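What the coordinates show
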Amino acid sequence: MAVEVNPRKVAIIGAGFVGSATAFALSQSSLFSEMVLIDADFEKAEGEAMDISHGTPFTKPIKIYAGNYDDVADAAIVVVTAGAGQKPGETRLDLVHKNVGIFKSIIPEIAKRDFGGILLIVANPVDILTLTALKLSGLPENRVIGSGTVLDSARLKTELGEHLGIDSRSVHAFIIGEHGDSEIAAFSSANVSGIPVNDFCEMRGHFNHEESEKAIAERVKNAAYEIIKRKHATYYGVAVAVKRICEVIVRDERSILSVSSMMHGEYGIEDICLSMPAVVGADGLETKVPISLDEEEIKALQESAKTLKEVVDTIDFSIN
């Protein structure tokens, strides 16, 4: 029987760039009153916890400390950021075998504690690692979700907002498929406050739709590479994306986010986790949202799934 969940507690596994940036973002969010950082290097986790906790006189009260896997049992959300980072020249898929190996030491430890909360996977390649977490944890599918393309979709909204000279919060658009090189910008369903994006473009004096869409999609897809080339890692954007996912869960907002979850025949795709729009709330993933896609986008989505499946077929999920 699962341990009773403390709805105001979060655990972060991995105190590297992404984990510590996420911890900082969550410390400012007022969502939690308790946060535990867990890392193979306990002193690193302890240092990050100490550093962040020194700012608590200026935030809502929150207890921040370094701990171990026993501390995850009653957490409402466990955020897994642990894994090898993406280096210049590497794709997210290049990280697969290293990070599946790391997950084999992490996920069973969480499962042993009768964890009753939501498992949020952030480490890359996030879609394959979400599948890995599902296989290794034995948790229900709704309670294992990946951060998916929530950040990519935010990047798309940012690009479209700048292109059109409008508030990016008025843009409704998703990146779907793999969080990676085969991701798809779903322009056919993109809109600005209900107005199809191409119609709004023309209202703003933009008429070369195909050329603009291609350029924007490329900038979004390559954003992480461009950041890594300059500062060797990306972490602030994803930290804020994780904060948003946690907010939706804790507040039971039932917002629509492009999280990573298992596909069951949608668009002819099965047995792989992909990043697709879904209603997310207190119980994790509530239901997928079947957005409108054109034939070209569906084909690209199926190709994205095929790319991931080919990699998954090379993985040994057994624990020795």
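Structure's up top.
Read on for an overview of the structure.

Rules behind the numbers
- Residues numbered from 1 in each chain as written.
- Predicted model: local features only at pLDDT ≥ 70, side-chain atom pairs only at ≥ 80, totals over all residues.
- Heavy atoms only, no water.
- Helix = DSSP H or I, 4+ residues; strand = E, 2+ residues; numbered from the N terminus.
- Rg over C-alpha atoms; globule rule 2.2 N^0.38 Å.
- Buried < 20%, exposed > 50% of the residue type's maximum accessible area, 1.4 Å probe, protein only.
- Contact = heavy atoms within 4.5 Å.
- Areas by Shrake-Rupley, 256 points an atom, 1.4 Å probe, with all protein chains shown as cover.
- Lys, Arg positive; Asp, Glu negative; His and termini not counted.
- Charge placed at Lys NZ, Arg CZ, Asp CG, Glu CD.
- Pairing = 2+ DSSP bridges.
- Right-handed = clockwise from strand over helix to strand, strands pointing away.
- Axes fitted to C-alpha atoms, helices over the stretch in contact; angles between N-to-C directions.
- Left-handed = near helix turned anticlockwise from the far one by under 90°.
- Nonpolar A, V, L, I, M, F, W, Y, C, P; charged D, E, K, R; others polar.
- 1 Å grid on protein atoms, 1.4 Å probe; cavity = no way out; pocket = protein on both sides within 12 Å on 5 of 7 lines; lining within 4 Å.
- Points joined across faces, edges and corners; volume = space filled by probe spheres on them.
- Salt bridge = Lys/Arg side-chain N within 4 Å of Asp/Glu carboxyl O.

Glancing now at the overall build of the chain. Of regular secondary structure, the chain possesses ten helices and 14 strands. The C-alpha radius of gyration of the chain comes to 19 Å, within 12% of the 20 Å expected for a compact globule of 320 residues. Taken along the three principal axes of its C-alpha coordinates, the chain extends 55 × 45 × 35 Å. Within the chain, the fraction of its 320 residues that count as buried is 52%. Long-range contacts, defined as pairs at least 24 residues apart, comprise 71% of the intrachain contacts of the chain with a sequence gap of at least 6. Carbon and sulfur atoms make up 51% of the accessible area of the chain, which totals about 14,400 Å². If the 31 positive side-chain charges of the chain are averaged to one point and the 47 negative ones to another, these points end up 4 Å apart.

Further remarks concern the pairing of strand 2 (residues 34–38). Extensive coverage of strand 2 is indicated by the burial of five of its five residues. Along strand 2, one buried face is formed by Glu34, Val36 and Ile38 and the opposite face, lined by Met35 and Leu37, is buried too. The sheet contact formed by strand 1 (residues 6–13) and strand 2 spans five bridges and is parallel. Each bridged residue has a counterpart across the sheet, and for lysine 9 the counterpart in strand 2 is glutamate 34. Following the chain from strand 1 across helix 1 (residues 17–27) to the adjacent parallel strand 2, one finds a crossover that is right-handed.

The subject of this paragraph is the packing of helix 3 (residues 96–112) against helix 4 (residues 126–137). If you want to describe how two helices pack, look at the angle between their axes and the distance between the axes. At a minimum axis separation of 9 Å, helix 3 and helix 4 run at an interaxial angle of 35°. Of the two elements, helix 3 crosses helix 4, and the hand of that crossing is right-handed. The residues of helix 4 that touch helix 3, namely those facing Val96, Asn99, Val100, Phe103, Lys104, Ile107 and Ala111, are Ile128, Leu129, Thr132, Ala133, Leu136 and Ser137. When the residues that make up the contact of helix 3 with helix 4 are grouped by side-chain class, the tally is nine nonpolar, three polar and one charged.

A word on empty space enclosed by the protein. Scanning all chains against the criterion turns up one cavity of 30 Å³ or more. Volume-wise, the largest cavity comes out at about 70 Å³. Around the largest cavity, the lining residues are Leu160, His163, Phe187, Val197, Asn198, Cys201, His206, Asn208, His209, Ser212, Glu213 and Ile216. Counting residues per element, the ones that place at least two in the lining of the largest cavity are helix 5 (150–164), helix 6 (197–203) and helix 7 (209–221). In terms of residue count, helix 7 provides more of the lining of the largest cavity than any other element does, four residues in total. Broken down by class, the residue content of the lining of the largest cavity amounts to five nonpolar, six polar and one charged.

This part takes up the pattern of salt bridges. In this structure the tally under the stated criterion is 17 salt bridges. Across the salt bridge formed by arginine 230 and glutamate 226, the nearest N and O atoms sit 2.7 Å from each other. One end of the pair, arginine 230, and the other, glutamate 226, are both in helix 8 (residues 223–231), four residues apart, so they sit about a helical turn from each other. Of the charged contacts, one joins glutamate 253 and arginine 244 as a salt bridge, the two residues approaching to 2.9 Å between their closest N and O atoms. Through salt bridges with shared partners, one network takes in Asp70, Glu109, Lys112 and Arg113.

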